[in-house]
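Structure at a glance
Here is what each chain is made of, one letter per residue.
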2 protein chains.
Amino acid sequence: MSTAPSPNASRDGDEEPRSARKRRGILEAARTLFLRNGYRGTSMDEIAGVAAVSKQTVYKHFADKKSLFSEIVTGTVNEAGDTVHDQVLKLQESGNLEADLRGLARRQLAMVMQPQVLRLRRLVIAEAERFPELGRTFYERGPGRTIAALATLFERLGTRGVLQLDDPHLAAEHFNWLVMSIPLNQAMLLGHDEPPSAPDLDRYADTGVQVFLAAYGRHSSALSPATPGGANE
Amino acid sequence: MSTAPSPNASRDGDEEPRSARKRRGILEAARTLFLRNGYRGTSMDEIAGVAAVSKQTVYKHFADKKSLFSEIVTGTVNEAGDTVHDQVLKLQESGNLEADLRGLARRQLAMVMQPQVLRLRRLVIAEAERFPELGRTFYERGPGRTIAALATLFERLGTRGVLQLDDPHLAAEHFNWLVMSIPLNQAMLLGHDEPPSAPDLDRYADTGVQVFLAAYGRHSSALSPATPGGANE
């Protein structure tokens, strides 16, 4: 027979999974409630109720409602942001830059326009003045990270002469917002959580890429090597 | 001595201005409180208190908090939107299209990045799911109207061959968001109400115009006369 595990090991073995399970349950309940009722419309009591744990258990895992909300924001944005970030950095070049960038833009747009990501973005904007650090987290883990990855990609393509640019970060900002702004701003202001149809989203992605390449592509006329403002200098 | 006015005329003459003055006072109080404390953080009691009128007087002028908020949104967005709309439609062409569009973009950006317009936009986004009609008002009187005016302008410039485009509305969307998205999205998520420095805003406006003209200008290479998606068709 095997040696009995020490009492400590036994306690760890039993409690860690249960504790982790409870934590996950609390996070799921909180996410559902925050996305449905907003930050101010959600209480720790309700979260405990939906998670079927005591309020003390909720507070054992999360110091306060704000910490819990922060965890939801970080988790959701990381999940969407990780995917986009990886897709940008691992872009397989097929030799057809426009097609490659279209594929990237379409995937990026589909990720950002997910109903739960839209709702979370709206919640973060709603609370941005009271909790600027949450907005900063959303920005840095979301659009900020995508833009940084795009800047790395564009700098590489610029070095090889595939793109013409002298400010990869600005080019990345332009790419990002050319692709996303039309449907994203409509969704934010009009309160739509269901994204536009896939063909509409693809059209925004494709035409955004076209404008980007007109400015920064190899045969572009306007943006390079002149610096911004160059036309009047 | 003049004939004494009829009792009715006297009542109208005295009460109309007082009533209008009270209404304006209520609107000012409500605007201050909504922008400071948000929609849910503001009560009709507080509005009455700051406006120094009774709660009944507030309700005499506005059926409920939502109507009052709607009036604030409409008034603020109309004020900013009217200016931008007029500037777009009355654009004086100097013969230097890039300079003209830069001037337009800079003025448009300065209008949208006003602290009170940013805060209102954030409030409207926060309430967009509960009050989609408010979001629609903001969208239609704000960006929607600017984009429609830009589309009219660009269609005219397209007809004259100054721009090359086959979808003026899409071109207008691209112009609008190329100019505004970088600072606007940062402001929304990071909770900044103070806009970036004027040189930074000018740079966003100017480089946005450059990208736009690379795609849609007379010597543009990519967007016209090919239709979107043309590169693969």
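Residues numbered from 1 in each chain as written. Chains lettered and ligands numbered in written order. Predicted model: local features only at pLDDT ≥ 70, side-chain atom pairs only at ≥ 80, totals over all residues.

Thoughts on the overall build of chain A
This is how it is decided: Under the scheme used here, helices are H or I runs from DSSP no shorter than 4 residues and strands are E runs no shorter than 2 residues, and both carry numbers assigned from the N terminus. Three exposure classes are used. Buried residues have 20 or more other C-beta atoms within 10 Å of their own C-beta, exposed residues have 12 or fewer, and partly exposed residues fall in between, all C-beta atoms being placed from the backbone.
Helices and strands together make up the secondary structure of chain A, namely ten helices and zero strands. In sequence order, chain A lays out its α and β elements as α-α-α-α-α-α-α-α-α-α. Relative to its full complement of 233 residues, chain A shows a buried share of 43%.

Let's talk about the relation of the copies chain B and chain A
Heads up, the rule is: A least-squares fit on C-alpha atoms brings the copies together, and the residues used are those whose pLDDT is at least 70 in both copies. Once C-beta atoms are placed from the backbone, any two residues with those atoms within 7 Å are in contact.
The transform that puts chain B on chain A rotates by 180 degrees and translates by 0.0 Å along the axis, for an RMSD of 0.0 Å. Here the two chains are linked by the operation of a two-fold rotation axis. No C-alpha of chain B approaches the rotation axis more nearly than that of Ala126 of chain B, which lies at 2.2 Å. In this assembly the copies share their binding face: 100% of the residues contributing to the interface of chain B also contribute to that of chain A.

Looking at the interface of chain B and chain A
Taken together, the contacts link 46 residues of chain B with 46 residues of chain A. Of all the elements in the fold, those that place two or more residues in the side of chain B that touches chain A are α5 (97-112), α6 (115-127), α7 (132-141), α9 (168-190) and α10 (198-216) of chain B. Among the elements that take part in the side of chain B that touches chain A, α9 of chain B stands out by supplying twelve residues, more than any other.

Regarding the confidence of the model for chain A
All names here are of chain A. As a reminder, the rule being used: Known as pLDDT, the predictor's confidence for each residue is given on a scale from 0 to 100.
Counting all residues, the mean pLDDT for chain A is 86, and 87% of those residues have values of 70 or more. Across residues 1-10, where pLDDT falls below 50, the model places one contact with residues more than four positions away in sequence or in other chains. Both scores are available for the predicted complex, with the pTM at 0.85 and the ipTM at 0.84.

Concerning the domain arrangement of chain A
Residue and element names in this part refer to chain A. Test applied: Note that the domain bounds were set by an automatic or database domain assignment. We call Asp, Glu, Lys and Arg charged. Ala, Val, Leu, Ile, Met, Phe, Trp, Tyr, Cys and Pro are nonpolar, and the rest, Gly among them, are polar.
For chain A, the assigned domains are domain 1 (12-62) and domain 2 (69-223). Taking the mean C-alpha position of each, domain 1 and domain 2 sit 32 Å from one another. Counting residues at the interface gives eight residues for domain 1 and nine residues for domain 2. Taken together, the residues of the side of domain 1 that touches domain 2 sort by class into six nonpolar, one polar and one charged.

With respect to unusual backbone geometry
Residues and elements named next belong to chain A. Positive phi values are uncommon outside glycine, yet Ala52 reaches one of about 55 degrees. Here Ala52 is to be found in the loop between α2 (44-51) and α3 (55-61). By C-beta crowding, Ala52 is classed as exposed, having 11 other C-beta atoms within 10 Å.

Describing the environment of Ala29 of chain A
Residue and element names in this part refer to chain A. Considering the arrangement of structural elements, one finds Ala29 in helix α1 (residues 7-37). Each C-alpha atom of the pair Ala29 and Glu46 lies 8.7 Å from the other, and the pair is 17 residues apart in sequence. With sequence-adjacent residues up to four places away left out, Ala29 is seen in contact with Ile47, Val50 and Ala51.

Structural notes on the packing of helix α5 (residues 97-112) of chain A against helix α9 (residues 168-190) of chain A
Residues and elements named next belong to chain A. Convention followed: Here an axis means a line fitted to C-alpha atoms, over the contact stretch when the element is a helix, while the angle between two N-to-C directions is reported on a 0 to 180 degree scale. Under this scheme an angle from 65 to 115 degrees is roughly perpendicular, one under 35 degrees roughly parallel, and one over 145 degrees roughly antiparallel; angles in between are oblique. Whether a crossing is left-handed or right-handed is set by the direction in which the near helix is turned from the far one by less than a right angle, anticlockwise for left-handed and clockwise for right-handed.
Where α5 contacts α9, the two axes come as close as 10 Å, and the packing angle between them is 30 degrees. Of the possible angle classes, the one that applies to α5 and α9 is roughly parallel. For the pair α5 and α9, the sense of crossing is right-handed. Residues Ala105, Gln108, Leu109 and Val112 of α5 lie in contact with α9, whose contacting residues are Val179, Met180 and Leu184.

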